[in-house]
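Residue-level listing of the chains:
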Amino acid sequence: MDRRALLSVTAATMGLAALDCIAPMRLRADSPRTLKSLAAACGIKTGVACSKTSLEQSPAAFVDFVTGNFTLLTPEGELKWSALRPTQHEYDFAKSDWLLDFTSQHGMALRGHNLCWNTGNPPWLEAVLTQSNAEKILTDHIATVTGRYAGKLDSWDVVNEPIAIWFNKPGGYYDGPWLRTLGPEYIDIAFHAAAAADPHCLRVINVHHVEQGRDAETRNACLKMLESLLKRNVPVQALGIESHLDCDLTIDQGELDKFIASVQKMGLQILITELDINDSKVNGSDQHRDQVVADYYRRYLDVVLPVANIDRLIFWAPMDRSWMDYMCNAPRWQRSDGKCNHRPGLIDSSLQIKQSYQAVAAAIEQHGRHRLQA
Ligand code: XIL
């Protein structure tokens, strides 16, 4: 995501109170065919990104949907620097602590997202960061945040979106404050600090734009980065493949398979961390758009679910009113009809189950059977 787009979406989603006008839904958390139960039968954990606001302000049926279908919860923003660090010398853990309580009350586990990102940072950070203080500011943050939650989280996205080839930086790195002050070594520093503060929490490097036909250059840059990190004994343990997919683009199964196999050969675990589907270039009725999105979920899951070491499948947009609606001014999310109503959800904005949910359930069920037989 580019920085301007991100700033507008951050500002907009902070006021996501609009969720409170959702009508209740009849979906029982204890229904036998939940995503979580289908996935658990074959050793996969399902997860979803939510904000504290959406959990607090939505009807109970939304909370039932979340707790009934997912075992992992990723805070949509509450563990990012912009939320945790109002000023250089303060930490505000109120919202992330609330989410940790929420997950433990509901038998879920919280993911850590994220410790270091070249965007989505509070304004004071860029203003104070220099080559001489950057390492200390980064390691202090990671020691404090990771230390506070040590032993309590499922996994940490230690570095988020390290590669973004459109910045044209050597190695394809995402440009921003950490790269500018510390060079690519900021990644080494972040992983060593996370390993020191919480040695047993799975350490993930979370990448985007590696999934689709147009992404060959990013996949190469990622593989090169991973090889060199491992050669330097940087304690990275897993690759998160975000999977924000655009359904007007192809999924190149052969290339994605090759990429996944190369990562596995390096001994890294793979997670699907932020799956959702952008239908901004699909026209037609809601029913048609929902079918296109559902088919796309299915096609993507048919590629990734057979991969044995993918054991976490995490969705980013559980329902239609999502972060994408705030991205309409950026070309990727703009619609030709001028509307701003993306339909990536597994449930719609009245909390009704959609074709996407059924497609995901069917994919988990089918591939799960194969996994068990393998
Ligand atoms: C997005 C959130 O969904 C928005 O609410 C927020 O304002 C900006 O960030 N990749 C990531 C996520 O790793 O953190 C981003 O989340 C979506 C893209």
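Model, not experiment: these values are computed from the prediction. (Residues numbered from 1 in each chain as written. Predicted model: local features only at pLDDT ≥ 70, side-chain atom pairs only at ≥ 80, totals over all residues. Heavy atoms only, no water.)

Draft legend 1. Structural context of the overall build of the chain. Helix and strand counts for the chain stand at 14 helices and ten strands. Expected size for 374 residues packed as a compact globule is a radius of gyration near 21 Å; at 20 Å, the chain falls within 12% of this value. A total of 374 residues make up the chain; the buried ones form 57% of that total. The contacts of the chain with a sequence gap of at least 6 include a subset with a gap of at least 24, amounting to 82%. The average position of the 38 basic charges and that of the 44 acidic charges among the side chains of the chain differ by 2 Å. (Helix = DSSP H or I, 4+ residues; strand = E, 2+ residues; numbered from the N terminus. Rg over C-alpha atoms; globule rule 2.2 N^0.38 Å. Buried < 20%, exposed > 50% of the residue type's maximum accessible area, 1.4 Å probe, protein only. Contact = heavy atoms within 4.5 Å. Lys, Arg positive; Asp, Glu negative; His and termini not counted. Charge placed at Lys NZ, Arg CZ, Asp CG, Glu CD.)

Draft legend 2. Seen up close, the packing of aromatic side chains. The tally for this structure, following the rule as stated, stands at twelve aromatic pairs. The interplanar angle of 45° and the centroid separation of 6.3 Å between the aromatic rings of Trp-81 and Trp-124 together place this pair among those described as tilted. Placement of the pair is Trp-81 in helix α5 (residues 81-84) and Trp-124 in helix α7 (residues 123-128), with a sequence separation of 43 residues. Judged by its relative accessible area of 1%, Trp-81 is buried. A ring pair is formed by Trp-98 and Phe-102, whose centres lie 5.7 Å apart and whose planes are at 15°; its orientation type is stacked. (Phe/Tyr/Trp six-rings, centres within 6.5 Å; stacked < 30°, edge-to-face > 60°.)

Draft legend 3. Main features of the packing of helix α12 (residues 253-265) against helix α13 (residues 286-304). The geometry of α12 relative to α13 is characterised by a closest axis approach of 10 Å and an angle of 40° between their N-to-C directions. When the axes of α12 and α13 are compared, the pair comes out oblique. Where α12 crosses over α13, the two elements pack in a sense that is right-handed. Contacts between α12 and α13 involve Gln-253, Leu-256, Asp-257 and Ile-260 from the first element and Tyr-300, Val-303 and Val-304 from the second. (Axes fitted to C-alpha atoms, helices over the stretch in contact; angles between N-to-C directions. Parallel < 35°, antiparallel > 145°, perpendicular 65-115°, else oblique. Left-handed = near helix turned anticlockwise from the far one by under 90°.)

Draft legend 4. Quick look at the state of the cysteines. Enumeration over the complete set of coordinates arrives at one disulfide. Here Cys-328 connects covalently by a disulfide to Cys-340, the sulfurs 1.6 Å from one another. Negative torsions about the S-S bond denote left-handed disulfides, and the value of about 105° found for Cys-328 with Cys-340 makes this one right-handed. Of this pair, Cys-328 sits in the loop between β10 (310-315) and α14 (355-373) while Cys-340 sits in the loop between β10 and α14, and the two are twelve residues apart along the sequence. Residue Cys-328 is classed as buried on the basis of its relative accessible area, which comes to 15%. Not part of a disulfide, Cys-201 finds its nearest cysteine sulfur in Cys-116, a span of 16 Å. A residue is classified by how much of its surface remains accessible, and Cys-201, at 4% relative accessible area, is buried. (Disulfide = S-S within 2.5 Å.)

Draft legend 5. Up close: the nonpolar core. Within the largest apolar cluster, 99 residues are counted, with the highest numbers of intra-cluster contacts made by Trp-178, Ile-205 and Phe-259. Setting aside its immediate chain neighbours within four residues, Phe-259 contacts Val-210, Arg-219, Cys-222, Leu-223, Leu-239 and Ile-241. In terms of nonpolar packing, the next biggest core, distinct from the first, is built from seven residues, Ala-49, Met-324, Met-327 and Trp-333 among them. (Core = buried A, V, L, I, M, F, W, Y, C linked by side-chain atoms within 4.5 Å.)

Draft legend 6. Structural view of the pairing of strand β5 (residues 155-160). Across the six residues of β5, six count as buried, placing the element largely inside the fold. Sheet topology places β5 next to strand β6 (residues 202-207); five bridges connect them, and they run parallel. Pairing of Val-159 across the sheet is with Ile-205, part of β6. (Pairing = 2+ DSSP bridges.)

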